[in-house]
Structure formats: structure tokens, C-alpha cells
Amino acid sequence: MTSLSALHRILSENKSVAVVGLSAGVRRPSYFAAKYLLDRGYRVIPVNPRYEEVLGQKCYPCLEDIPERVDIVDCFRPAEAIPALAQGAIDIKAKVLWMQLGVINEEAADLARQAGLEVVMDRCMKIEYARLFGGLGWMGVNTGVISSKRPLHAVR
């Protein structure tokens, strides 16, 4: 598990993020998270062979096609796709392999760590940024898990 101090450092020091699986659909979690990161000064590089552009940023079909330095490879892909993405992150000399909420792949994590990358699993960059730098209640983090309001369906 990644400590809060490590998450804070990773989010503070690394500003270019290749978002693998970024969708152009405005209601998709990848779109929402990438927009949030863009609005906070991160360089977001979409990686998805389906699109030419997402959020006004040129989209690349794969990590290896990105012509600039990438600090974080943020994966919005299923766990079984992560080993290949970990190898791609290694090949482009990224610093961090980040797997989104619900995505856990120990094999890929071990591969990335052995190559010197930091690994974050089962966490959302947007949520972690908001939690560590303020703004968790802004821009739609409404998980329904923690709330001061009684749910409408609660028994009275």
C-alpha cells in the first residue's frame, strides 16, 4: 500500500500524465478525472486508439507513440491489460505506474517495481489529489459512502 506521504510526493513532483483508456465520453470516469487533472495544471496525454483528440489534447494510440516525457502512466484499463501497460511504462521510462480504483495486478506491479517505477494500485488520481490538496467535496466526488446527509431511503 502506498503511504499518504508517498502519494503527496508523487502528485507534487510528477506533472505529465499519460491516461491510458481515456474516453471522450463526458460521463466516463476517465474523462472526469483527466479534466480535473488538466484544471489543476497537469499535462494530460490521452492514450486511446479510438480518438484523434480528447479534452483538446492530441490522443495517441499507445504509450510508445508519445513523443514527450511521461511521468505517470494512469491506467483506466482492466487488470488483465496492466502487465502490457507496465512494460510500456518501463519502455518509455515513466516514473510511476498508477492503476485506477478497482484495478489490482500484482504481477504488473512487481514488473514495474523491479524496473524502478513507483506503483500505485486501486486508487484514483483525482480523488487522491482532492483528498491531499483540498477540494474533495468539489467537482462531483459523491461516492455516497461518507455523508453528513441522511439518505432519502433511510428508515425514520
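Before reading on, note that the structure itself is shown above.
Everything numeric in this text was worked out from a predicted model, so none of it was measured.

**Student:** Would you explain the packing of helix α2 (residues 29–39) against helix α5 (residues 125–133) in this entry?
**Tutor:** Geometrically, a packed helix pair is captured by the angle between its two axes and the distance between the axes. Two elements in contact, α2 and α5, have axes whose closest approach is 9 Å; the angle formed by their N-to-C orientations is 40 degrees. Accordingly, the angle class assigned to the pair α2 and α5 is oblique. On α5, the residues touching Phe32, Ala33, Tyr36 and Leu37 of α2 are Met125, Lys126, Tyr129 and Ala130. Taken together, the residues of the contact of α2 with α5 sort by class into seven nonpolar, no polar and one charged.

**Student:** Can you walk me through the pattern of salt bridges in this structure?
**Tutor:** A side chain with one charge may pair with a side chain of the opposite charge, provided their charged atoms come close. Across all of its chains, the model carries eight salt bridges by this definition. Arginine 9 is the partner of glutamate 118 in a salt bridge, and the nearest nitrogen-oxygen pair spans 2.5 Å. Remark: arginine 9 occurs in helix α1 (residues 4–13) and glutamate 118 occurs in strand β7 (residues 118–120); sequence separation between them is 109 residues. A relative accessible area of 28% places glutamate 118 in the partly exposed class. Residue arginine 9 is classed as partly exposed on the basis of its relative accessible area, which comes to 30%. Arginine 43 is the salt-bridge partner of glutamate 68, the closest N and O atoms lying 2.9 Å from each other. Here the residue glutamate 68 occupies a position in the loop between β4 (57–58) and β5 (72–75), and arginine 43 occupies one in strand β2 (residues 43–47), the gap between them amounting to 25 residues. Accessibility expressed as a relative area gives 32% for glutamate 68, which makes it partly exposed. A residue is classified by how much of its surface remains accessible, and arginine 43, at 29% relative accessible area, is partly exposed. Several salt bridges converge on common partners, so that one network encompasses Arg9, Glu13 and Glu118.

**Student:** Sorry if this is basic, but what is going on with the environment of methionine 121 here?
**Tutor:** Locating methionine 121 in the fold gives a position in the loop between β7 and α5. Along the primary structure methionine 121 and alanine 109 are separated by twelve residues, whereas in three dimensions their C-alpha atoms are 8.1 Å apart. Beyond its immediate sequence surroundings of up to four residues, methionine 121 is in contact with Met99, Val103, Ile104, Asn105, Glu106, Ala109 and Arg113.

**Student:** Explain the nonpolar core to me, please; I cannot follow it from the model alone.
**Tutor:** Grouped burial of nonpolar side chains is what soluble globular proteins tend to show. Counting residues in each nonpolar core, the largest one holds 26 residues, and the members touching the most others are Leu63, Ile66, Val73, Ile82, Leu97 and Met99. Of all the secondary structure elements, the ones that give two or more residues to this core are β1 (16–20), β2, β5, α3 (82–91), β6 (96–99) and α4 (106–114). Per-element accounting of this core gives the leading share, five residues, to α3. Formed by 24 residues, the second largest nonpolar core is a distinct cluster that contains Tyr36, Val54, Val120 and Ala130.

Criteria and thresholds
- Counting restarts for each chain: residues are numbered from 1 in the order of the written sequence.
- The model is predicted, so local features are restricted to residues of pLDDT at least 70 and side-chain atom pairs to those at 80 or more, both for listing and for counting; the totals for chains, interfaces and linings are taken over all residues.
- Each side-chain value is derived from all of the structure's non-hydrogen atoms; neither hydrogens nor water enter the calculation.
- Helix axes are fitted to C-alpha atoms over the stretch in contact, other axes to C-alpha atoms as well, and angles between N-to-C directions run from 0 to 180 degrees.
- Helix and strand assignments come from DSSP, with helices taken as H or I runs of at least 4 residues and strands as E runs of at least 2, each series counted from the N terminus.
- Just so you know how the angles are binned, under 35 degrees is roughly parallel, over 145 roughly antiparallel, 65 to 115 roughly perpendicular, and the rest oblique.
- In what follows, residue pairs with any heavy atoms lying within 4.5 Å of each other are defined as contacts.
- As a working rule, the residues Ala, Val, Leu, Ile, Met, Phe, Trp, Tyr, Cys and Pro are called nonpolar, Asp, Glu, Lys and Arg charged, and the rest polar, with Gly in that last group.
- Salt bridge criterion: a side-chain nitrogen from Lys or Arg within 4 Å of a carboxyl oxygen from Asp or Glu.
- Exposure categories follow from relative accessible area, calculated using a 1.4 Å probe and restricted to protein chains: below 20% of the type maximum is buried, above 50% is exposed, and the middle band is partly exposed.
- Put simply, a nonpolar core is a bunch of buried Ala, Val, Leu, Ile, Met, Phe, Trp, Tyr and Cys residues held in one set by side-chain atoms that sit within 4.5 Å of each other.

Scope: geometric values only; no functional claims are made or implied.
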